[in-house]
Amino acid sequence: MQSYEQDDDDQYNAGYDVGSFPKDFGYGPFDQDGDGLPGPLVGEQKPRILLMGLRRSGKSSIQKVVFHKMSPNETLFLESTNKIIKDDISNSSFVQFQIWDFPGQIDFFDPTFDSDMIFGGCGALVFVIDAQVVTKFT
Ligand SMILES: Nc1nc2c(ncn2[C@@H]2O[C@H](COP(=O)(O)OP(=O)(O)OP(=O)(O)O)[C@@H](O)[C@H]2O)c(=O)[nH]1
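Quick caveat: nothing in here was measured; it's all calculated off a predicted structure.

Q: Give me helix H1 (residues 59-68): which residues, what numbers.
A: Among the residues of H1, those classed as buried are Lys59, Ser60, Ser61 and Gln63. Tucked inside the fold, the buried residues of H1 contact strand S1 (48-53), strand S2 (85-90), strand S3 (96-101) and strand S4 (122-128). Where H1 ends, the next residue or the one after it, lysine 69, has phi of about 55 degrees, a positive value.

Q: Just give me the short version of the nonpolar core, but keep the residues and values in it.
A: Residues Leu50, Met52, Ile84, Trp100, Phe102, Ile106, Phe113 and Ile118 constitute the largest nonpolar core, which totals eight residues. By size, the runner-up hydrophobic cluster in this structure holds five residues, among which are Leu51, Phe97, Ile99 and Val128.

Q: Could you give me a rundown of the environment of proline 103, with the residues and numbers involved?
A: Within the secondary structure, proline 103 is located in the loop between S3 and helix H2 (115-120). On the basis of relative accessible area, proline 103 is assigned to the buried category, the value being 3%. Distance from proline 103 to methionine 52, taken between C-alpha atoms, is 7.6 Å for residues 51 residues apart in sequence.

Q: Break down the pairing of S3 for me, citing the residues and quoting the values.
A: The buried fraction of S3 amounts to six of the six residues, a majority that puts the element mostly inside the structure. Across the two faces of S3 the burial is the same, with Gln96, Gln98 and Trp100 and Phe97, Ile99 and Asp101 all buried. Summarising the sheet, S1 and S3 pair through four bridges and their orientation is parallel. When the bridges of S3 are listed, isoleucine 49 appears paired with isoleucine 99. Inspection of the sheet shows S2 paired to S3 by six bridges, in the antiparallel sense.

Q: For the pattern of salt bridges, give the residues involved together with the corresponding values.
A: On inspection of all chains with the given rule, the structure shows one salt bridge. Across the salt bridge formed by lysine 46 and aspartate 88, the nearest N and O atoms sit 2.7 Å from each other. Residue lysine 46 is located in the segment before S1, and its partner aspartate 88 is located in strand S2; the two are separated by 42 residues in the primary sequence. Given the relative accessible area of 7%, lysine 46 is considered buried.

Q: Describe the confidence of the model for the protein chain, and please don't skip the residues or the numbers.
A: Confidence in the prediction for the protein chain averages 75 pLDDT; 64% of positions are at 70 or higher. Confidence over residues 1-20 falls short of pLDDT 50; this stretch has 22 contacts with residues more than four positions distant or in other chains. A low-confidence stretch, residues 28-43 stays under pLDDT 50, and its non-local contacts, those more than four residues away or across chains, total 25 contacts.

What counts, and where the lines are drawn
Residues numbered from 1 in each chain as written. Predicted model: local features only at pLDDT ≥ 70, side-chain atom pairs only at ≥ 80, totals over all residues. Heavy atoms only, no water. Buried < 20%, exposed > 50% of the residue type's maximum accessible area, 1.4 Å probe, protein only. Helix = DSSP H or I, 4+ residues; strand = E, 2+ residues; numbered from the N terminus. Contact = heavy atoms within 4.5 Å. Core = buried A, V, L, I, M, F, W, Y, C linked by side-chain atoms within 4.5 Å. Pairing = 2+ DSSP bridges. Salt bridge = Lys/Arg side-chain N within 4 Å of Asp/Glu carboxyl O. pLDDT = per-residue confidence, 0-100.

This is the structure in structure tokens:
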């Protein structure tokens, strides 16, 4: 069985600035990339749930398993998120919201971090912690 404790730093793209928050992380206005599906809430802001946490803490895994029926074993092969992934959940006309899956290495104190944009329309924030990696929080 593959170990979850390996150092994943080498999986990031060369030239990637850890701690920076460039605009191409993708935190522009709603549905700027047309990822929203047509529905009753078109033209309105859908409730937004933010998935945040340290690198490799399991944010994308949670999203894939809970909302896309991915097998937990398959999450072993998920690559690190390097920009905000916006996912429209439209299970019915009544259950519609967006999940924003953040890269784990965001520097919230970076001057380019647009907190108004990120948190302004936030309905809930889920901060994911890998309970097996306690040393990162000490
Ligand atoms: N031990 C353990 N490993 C998990 C769990 N959930 C996910 N993983 C593994 O942890 C690794 C990282 O998972 P991701 O979901 O990509 O983590 P992430 O927080 O989205 O990572 P970044 O995109 O780098 O911020 C994957 O290999 C997963 O298989 C869990 O509950 N326990």
